[in-house]
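Summary of structural features
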Amino acid sequence: MTLSLPSLDEPFVAKGDARVDGEKATLTIQLEKPSTLERGGASPVSITFAANPINFAFKGNATGATLSKLTGGIDLSIPSVRGLAKWAGVAFDAPGTGFGRMTLSGKIDKQGDEIAFSNAVIALDAIKATGALSVDTGGAKPVLSGRLDVDKLDVNPYLPPENKGGSTSVASNSAGGAPAGGAGGAPAPAASSAKSTGWSDAPIDMSPLKLANADFDLSANAILYRKIQVGKSALALHLKDGRFEADLSQIALYQGKGQGKFTAD
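Below, the structure is looked at part by part. Worth saying up front: this structure is predicted, and the values here are computed from it rather than measured.

Moving on: the overall build of the chain. When helices and strands are counted, the chain shows 4 helices and 15 strands. Here the chain holds 265 residues, and 22% of them are scored as buried. Across the chain, every contact between residues at least 6 apart in sequence was considered, and the portion connecting residues at least 24 apart equals 37%. For the chain, the exposed surface amounts to about 16,900 Å²; the carbon and sulfur share of it is 60%.

Here's what the structure looks like:
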(Lines give C-alpha, C1' and ligand atoms only; values in the text may rest on other atoms or scores of the structure.)
Protein backbone atom coordinates (compact mmCIF):
# COMPACT_ATOMS: atom_id res chain seq x y z
CA MET A 1 0.00 0.00 0.00
CA THR A 2 1.32 3.44 -0.90
CA LEU A 3 -0.06 6.69 0.55
CA SER A 4 0.41 10.17 -0.85
CA LEU A 5 -0.54 13.39 0.97
CA PRO A 6 1.75 16.34 0.07
CA SER A 7 -0.45 18.64 2.19
CA LEU A 8 -4.01 18.81 3.52
CA ASP A 9 -4.86 21.15 0.65
CA GLU A 10 -3.74 18.64 -1.97
CA PRO A 11 -5.27 15.30 -3.00
CA PHE A 12 -4.82 12.27 -0.76
CA VAL A 13 -4.19 9.10 -2.78
CA ALA A 14 -3.99 5.53 -1.45
CA LYS A 15 -3.10 2.62 -3.72
CA GLY A 16 -2.52 -0.97 -2.75
CA ASP A 17 -3.00 -4.59 -3.67
CA ALA A 18 -3.28 -7.96 -1.97
CA ARG A 19 -3.52 -11.58 -3.00
CA VAL A 20 -6.49 -13.48 -1.59
CA ASP A 21 -6.83 -17.21 -2.34
CA GLY A 22 -4.64 -16.80 -5.40
CA GLU A 23 -6.54 -13.81 -6.76
CA LYS A 24 -4.94 -10.37 -6.95
CA ALA A 25 -7.11 -7.51 -5.70
CA THR A 26 -6.27 -3.82 -6.02
CA LEU A 27 -7.75 -0.86 -4.14
CA THR A 28 -7.47 2.85 -4.99
CA ILE A 29 -8.90 5.74 -2.95
CA GLN A 30 -8.55 9.41 -3.85
CA LEU A 31 -9.80 12.42 -1.85
CA GLU A 32 -9.38 15.73 -3.64
CA LYS A 33 -9.73 18.09 -0.65
CA PRO A 34 -8.80 16.43 2.67
CA SER A 35 -8.74 19.71 4.61
CA THR A 36 -12.29 20.53 3.47
CA LEU A 37 -13.50 17.14 4.68
CA GLU A 38 -11.78 17.68 8.02
CA ARG A 39 -13.72 20.94 8.45
CA GLY A 40 -17.02 19.20 7.65
CA GLY A 41 -17.20 20.33 4.04
CA ALA A 42 -17.55 18.38 0.79
CA SER A 43 -14.85 16.96 -1.44
CA PRO A 44 -14.77 14.88 -4.63
CA VAL A 45 -13.86 11.26 -3.92
CA SER A 46 -13.27 8.17 -6.01
CA ILE A 47 -12.91 4.54 -4.93
CA THR A 48 -12.10 1.53 -7.10
CA PHE A 49 -11.71 -2.12 -6.14
CA ALA A 50 -10.66 -4.57 -8.84
CA ALA A 51 -10.25 -8.35 -8.82
CA ASN A 52 -11.25 -11.18 -11.14
CA PRO A 53 -14.29 -12.14 -8.98
CA ILE A 54 -15.55 -8.54 -8.59
CA ASN A 55 -15.00 -5.00 -9.89
CA PHE A 56 -16.42 -1.96 -8.11
CA ALA A 57 -16.12 1.77 -8.77
CA PHE A 58 -17.55 4.86 -7.05
CA LYS A 59 -17.11 8.46 -8.12
CA GLY A 60 -18.84 11.38 -6.45
CA ASN A 61 -18.69 13.65 -3.41
CA ALA A 62 -18.27 13.02 0.30
CA THR A 63 -19.03 15.32 3.26
CA GLY A 64 -17.34 15.37 6.66
CA ALA A 65 -14.44 13.43 8.12
CA THR A 66 -16.76 10.47 8.85
CA LEU A 67 -18.31 10.59 5.34
CA SER A 68 -21.74 11.26 6.84
CA LYS A 69 -22.98 12.22 3.35
CA LEU A 70 -22.05 10.43 0.16
CA THR A 71 -23.43 11.05 -3.33
CA GLY A 72 -22.32 9.82 -6.72
CA GLY A 73 -22.41 7.00 -9.23
CA ILE A 74 -21.45 3.37 -8.73
CA ASP A 75 -20.64 0.53 -11.11
CA LEU A 76 -20.46 -3.09 -10.02
CA SER A 77 -19.51 -6.08 -12.17
CA ILE A 78 -19.41 -9.70 -10.95
CA PRO A 79 -18.54 -12.39 -13.53
CA SER A 80 -20.11 -15.09 -11.33
CA VAL A 81 -22.09 -14.65 -8.12
CA ARG A 82 -21.35 -18.26 -7.19
CA GLY A 83 -17.66 -17.70 -7.90
CA LEU A 84 -17.62 -14.55 -5.75
CA ALA A 85 -19.23 -16.41 -2.84
CA LYS A 86 -16.63 -19.17 -3.09
CA TRP A 87 -13.78 -16.63 -3.21
CA ALA A 88 -15.20 -14.81 -0.17
CA GLY A 89 -15.60 -18.08 1.75
CA VAL A 90 -19.38 -17.78 1.96
CA ALA A 91 -21.49 -20.93 1.76
CA PHE A 92 -23.73 -20.65 -1.30
CA ASP A 93 -25.59 -23.80 -2.29
CA ALA A 94 -28.56 -22.33 -4.15
CA PRO A 95 -30.22 -24.84 -6.52
CA GLY A 96 -30.30 -24.53 -10.29
CA THR A 97 -27.74 -23.17 -12.71
CA GLY A 98 -28.34 -19.43 -12.17
CA PHE A 99 -26.42 -16.79 -10.23
CA GLY A 100 -23.77 -16.27 -12.88
CA ARG A 101 -22.86 -12.84 -14.22
CA MET A 102 -24.28 -9.78 -12.44
CA THR A 103 -23.90 -6.06 -13.20
CA LEU A 104 -25.29 -3.04 -11.40
CA SER A 105 -25.03 0.69 -11.97
CA GLY A 106 -26.82 3.75 -10.67
CA LYS A 107 -26.67 6.74 -8.34
CA ILE A 108 -26.27 6.49 -4.58
CA ASP A 109 -27.20 9.14 -2.00
CA LYS A 110 -26.25 8.46 1.63
CA GLN A 111 -27.53 10.86 4.27
CA GLY A 112 -26.71 9.58 7.75
CA ASP A 113 -28.58 6.31 8.30
CA GLU A 114 -30.51 6.58 5.03
CA ILE A 115 -29.18 5.26 1.74
CA ALA A 116 -31.05 5.82 -1.54
CA PHE A 117 -30.12 4.04 -4.74
CA SER A 118 -31.76 5.50 -7.87
CA ASN A 119 -31.60 5.15 -11.66
CA ALA A 120 -30.53 1.58 -11.06
CA VAL A 121 -29.81 -0.72 -13.99
CA ILE A 122 -29.45 -4.33 -12.86
CA ALA A 123 -28.69 -7.50 -14.78
CA LEU A 124 -28.46 -11.03 -13.36
CA ASP A 125 -27.88 -13.75 -15.93
CA ALA A 126 -30.62 -13.12 -18.53
CA ILE A 127 -32.76 -11.00 -16.18
CA LYS A 128 -32.64 -7.23 -16.78
CA ALA A 129 -34.31 -4.68 -14.52
CA THR A 130 -34.45 -0.98 -13.66
CA GLY A 131 -35.65 0.75 -10.53
CA ALA A 132 -34.81 2.39 -7.22
CA LEU A 133 -34.23 1.27 -3.64
CA SER A 134 -33.82 3.00 -0.28
CA VAL A 135 -32.71 1.63 3.09
CA ASP A 136 -33.09 3.31 6.49
CA THR A 137 -31.03 1.70 9.27
CA GLY A 138 -31.75 4.34 11.93
CA GLY A 139 -34.61 2.50 13.64
CA ALA A 140 -34.95 -0.71 15.63
CA LYS A 141 -34.90 -2.68 12.37
CA PRO A 142 -34.00 -1.79 8.77
CA VAL A 143 -36.73 -0.33 6.57
CA LEU A 144 -36.52 -1.07 2.83
CA SER A 145 -38.62 0.53 0.11
CA GLY A 146 -38.44 0.81 -3.64
CA ARG A 147 -39.56 -0.31 -7.04
CA LEU A 148 -38.18 -2.75 -9.58
CA ASP A 149 -39.34 -3.13 -13.19
CA VAL A 150 -38.26 -6.37 -14.86
CA ASP A 151 -38.46 -7.08 -18.56
CA LYS A 152 -38.60 -10.89 -18.45
CA LEU A 153 -38.39 -12.76 -15.15
CA ASP A 154 -37.32 -16.33 -15.89
CA VAL A 155 -36.92 -18.12 -12.54
CA ASN A 156 -36.23 -21.56 -14.04
CA PRO A 157 -32.42 -21.28 -13.79
CA TYR A 158 -32.82 -20.82 -10.02
CA LEU A 159 -35.06 -23.84 -9.38
CA PRO A 160 -34.03 -27.38 -8.46
CA PRO A 161 -34.72 -30.17 -11.00
CA GLU A 162 -38.33 -31.25 -11.23
CA ASN A 163 -39.46 -34.41 -9.43
CA LYS A 164 -39.59 -36.62 -12.50
CA GLY A 165 -40.83 -39.58 -10.53
CA GLY A 166 -43.81 -37.69 -9.14
CA SER A 167 -44.85 -36.17 -12.46
CA THR A 168 -44.53 -39.50 -14.24
CA SER A 169 -46.70 -41.19 -11.64
CA VAL A 170 -49.43 -38.59 -11.96
CA ALA A 171 -49.33 -38.77 -15.74
CA SER A 172 -49.72 -42.56 -15.85
CA ASN A 173 -52.74 -42.48 -13.54
CA SER A 174 -54.44 -39.68 -15.43
CA ALA A 175 -53.93 -41.52 -18.69
CA GLY A 176 -56.15 -44.34 -17.56
CA GLY A 177 -53.50 -46.73 -16.29
CA ALA A 178 -53.99 -49.06 -13.36
CA PRO A 179 -54.38 -47.07 -10.14
CA ALA A 180 -51.62 -47.41 -7.61
CA GLY A 181 -52.50 -49.10 -4.36
CA GLY A 182 -53.07 -52.48 -2.75
CA ALA A 183 -54.67 -55.63 -3.99
CA GLY A 184 -57.75 -55.39 -6.17
CA GLY A 185 -56.75 -52.05 -7.63
CA ALA A 186 -57.76 -50.11 -4.52
CA PRO A 187 -56.79 -46.44 -4.65
CA ALA A 188 -53.64 -45.48 -2.79
CA PRO A 189 -53.99 -43.49 0.45
CA ALA A 190 -54.28 -39.72 0.06
CA ALA A 191 -50.96 -39.14 1.83
CA SER A 192 -49.11 -41.26 -0.73
CA SER A 193 -50.79 -39.40 -3.58
CA ALA A 194 -49.77 -36.05 -2.10
CA LYS A 195 -46.20 -37.23 -1.69
CA SER A 196 -46.00 -38.31 -5.33
CA THR A 197 -46.80 -34.78 -6.53
CA GLY A 198 -43.74 -33.38 -4.76
CA TRP A 199 -45.61 -31.18 -2.23
CA SER A 200 -44.19 -30.95 1.28
CA ASP A 201 -46.19 -30.57 4.49
CA ALA A 202 -43.14 -29.44 6.51
CA PRO A 203 -43.74 -26.24 8.54
CA ILE A 204 -42.37 -23.03 7.03
CA ASP A 205 -40.11 -20.91 9.25
CA MET A 206 -41.52 -17.36 9.19
CA SER A 207 -39.08 -15.88 11.74
CA PRO A 208 -36.98 -14.08 9.04
CA LEU A 209 -40.02 -11.86 8.36
CA LYS A 210 -39.30 -10.07 11.66
CA LEU A 211 -35.80 -8.97 10.63
CA ALA A 212 -36.90 -5.92 8.61
CA ASN A 213 -39.86 -3.86 7.40
CA ALA A 214 -40.38 -3.30 3.69
CA ASP A 215 -42.59 -1.77 1.01
CA PHE A 216 -41.65 -2.82 -2.48
CA ASP A 217 -43.35 -2.72 -5.90
CA LEU A 218 -42.41 -5.26 -8.54
CA SER A 219 -43.57 -5.36 -12.16
CA ALA A 220 -42.66 -7.74 -14.97
CA ASN A 221 -43.60 -7.89 -18.63
CA ALA A 222 -43.34 -11.69 -18.50
CA ILE A 223 -42.72 -14.38 -15.87
CA LEU A 224 -41.60 -17.93 -16.58
CA TYR A 225 -41.95 -20.63 -13.91
CA ARG A 226 -41.36 -24.20 -15.06
CA LYS A 227 -43.71 -24.51 -18.05
CA ILE A 228 -46.04 -21.77 -16.83
CA GLN A 229 -45.86 -18.50 -18.77
CA VAL A 230 -47.35 -15.41 -17.14
CA GLY A 231 -47.87 -12.14 -18.99
CA LYS A 232 -47.57 -8.58 -17.67
CA SER A 233 -47.88 -8.59 -13.88
CA ALA A 234 -47.61 -6.14 -10.99
CA LEU A 235 -47.01 -7.04 -7.35
CA ALA A 236 -46.84 -4.91 -4.20
CA LEU A 237 -44.93 -6.41 -1.25
CA HIS A 238 -45.53 -5.14 2.29
CA LEU A 239 -43.69 -6.36 5.40
CA LYS A 240 -44.45 -4.82 8.81
CA ASP A 241 -43.39 -6.30 12.17
CA GLY A 242 -43.43 -9.89 10.89
CA ARG A 243 -46.67 -9.63 8.88
CA PHE A 244 -46.14 -10.10 5.13
CA GLU A 245 -48.69 -9.11 2.48
CA ALA A 246 -48.37 -9.52 -1.27
CA ASP A 247 -50.95 -7.70 -3.38
CA LEU A 248 -51.10 -8.97 -6.94
CA SER A 249 -52.79 -6.03 -8.63
CA GLN A 250 -52.30 -7.30 -12.19
CA ILE A 251 -51.65 -10.67 -13.77
CA ALA A 252 -52.11 -11.98 -17.31
CA LEU A 253 -52.37 -15.76 -17.45
CA TYR A 254 -53.62 -17.94 -20.31
CA GLN A 255 -55.23 -14.99 -22.12
CA GLY A 256 -57.02 -13.93 -18.94
CA LYS A 257 -56.49 -11.26 -16.30
CA GLY A 258 -56.83 -11.36 -12.54
CA GLN A 259 -55.61 -10.19 -9.15
CA GLY A 260 -55.12 -11.63 -5.69
CA LYS A 261 -53.66 -11.22 -2.22
CA PHE A 262 -51.41 -13.36 -0.03
CA THR A 263 -50.76 -12.85 3.68
CA ALA A 264 -48.34 -14.56 6.07
CA ASP A 265 -47.09 -13.88 9.62
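Turning our eyes to something else, we now look at the pairing of strand β13 (residues 233-240). For a regular strand, the rule is simple: side chains alternate between the two faces of the sheet. Both strand β11 (residues 213-225) and β13 contribute to a ladder of 7 bridges, which runs antiparallel. Paired with D215 across the strands is H238, a residue of β13. Looking at chain direction, β13 and strand β14 (residues 243-253) are connected through 7 bridges and run antiparallel. The partner of A236 across the bridge, within β14, is D247. Connecting the antiparallel pair β13 and β14 is a turn made up of 2 residues, with D241 showing a positive phi of about 50°.

The full count for this structure, using the stated rule, is 2 aromatic pairs. Seen from their ring centres, F92 and F99 are 5.2 Å apart, and the 85° between their planes marks the pair as edge-to-face. What makes F99 partly exposed here is its relative accessible area of 24%. Of the aromatic side chains, those joined through ring pairs into one cluster are F92, F99 and Y158.

With respect to the helices and strands, T36 occurs in helix α1 (residues 34-38). The exposure class assigned to T36 is buried, which follows from its relative accessible area of 19%. Filtering out sequence-adjacent residues up to four positions away, T36 remains in contact with G41 and A42.

Judged by nonpolar contacts, the single largest core of 25 residues is most densely connected at V45, I54, F58, I74, I78 and F117. Only β3 (23-31), β4 (42-51), β5 (54-63), β6 (69-78), α2 (81-88), β7 (102-111), β8 (114-124) and β9 (127-136) provide two or more residues apiece to this core. Of all the elements, β6 adds the most residues to this core, at 4 residues.

Another point: unusual backbone geometry. The backbone of F99 sits at a positive phi, close to 65°, despite the residue not being glycine. Along the chain, the position of F99 falls in the loop between α2 and β7. Residue D241 is not a glycine yet carries a positive backbone phi of 50°. Its location among the elements puts D241 in the loop between β13 and β14.

Assignment of secondary structure puts A132 in strand β9. Given the relative accessible area of 34%, A132 is considered partly exposed. Taking the C-alpha atoms as reference points, A132 and G146, separated by 14 residues in sequence, lie 5.3 Å from one another. Excluding residues within four positions of it along the chain, A132 makes contact with F117, S118, S145, G146, R147 and F216.

This paragraph deals with the side chain of S219. As for its position among the elements, S219 is in strand β11. We classify S219 as buried; its relative accessible area is 11%. Not counting residues up to four positions away in its chain, the partners in contact with S219 are R147, L148, D149, V150, S233 and A234.

Next up on the list: the layout of surface pockets. Using a probe with the size of a water molecule, rolled over the atoms, empty space left in the structure can be pinpointed. One number sums up the size of the largest pocket: a volume of about 520 Å³. Contributing to the lining of the largest pocket are 27 residues, with L104, I122, L133, L148 and F216 lying nearest its centre. When residues of the lining of the largest pocket are traced back to their parent elements, those giving at least two are β7, β8, β9, β10 (143-154) and β11. A per-element tally of the lining of the largest pocket places β9 first, with 8 residues. When the residues that make up the lining of the largest pocket are grouped by side-chain class, the tally is 23 nonpolar, 2 polar and 2 charged.

Procedures and definitions
Residues numbered from 1 in each chain as written. Predicted model: local features only at pLDDT ≥ 70, side-chain atom pairs only at ≥ 80, totals over all residues. Heavy atoms only, no water. Helix = DSSP H or I, 4+ residues; strand = E, 2+ residues; numbered from the N terminus. Buried < 20%, exposed > 50% of the residue type's maximum accessible area, 1.4 Å probe, protein only. Contact = heavy atoms within 4.5 Å. Areas by Shrake-Rupley, 256 points an atom, 1.4 Å probe, with all protein chains shown as cover. Pairing = 2+ DSSP bridges. Phe/Tyr/Trp six-rings, centres within 6.5 Å; stacked < 30°, edge-to-face > 60°. Core = buried A, V, L, I, M, F, W, Y, C linked by side-chain atoms within 4.5 Å. 1 Å grid on protein atoms, 1.4 Å probe; cavity = no way out; pocket = protein on both sides within 12 Å on 5 of 7 lines; lining within 4 Å. Points joined across faces, edges and corners; volume = space filled by probe spheres on them. Nonpolar A, V, L, I, M, F, W, Y, C, P; charged D, E, K, R; others polar.

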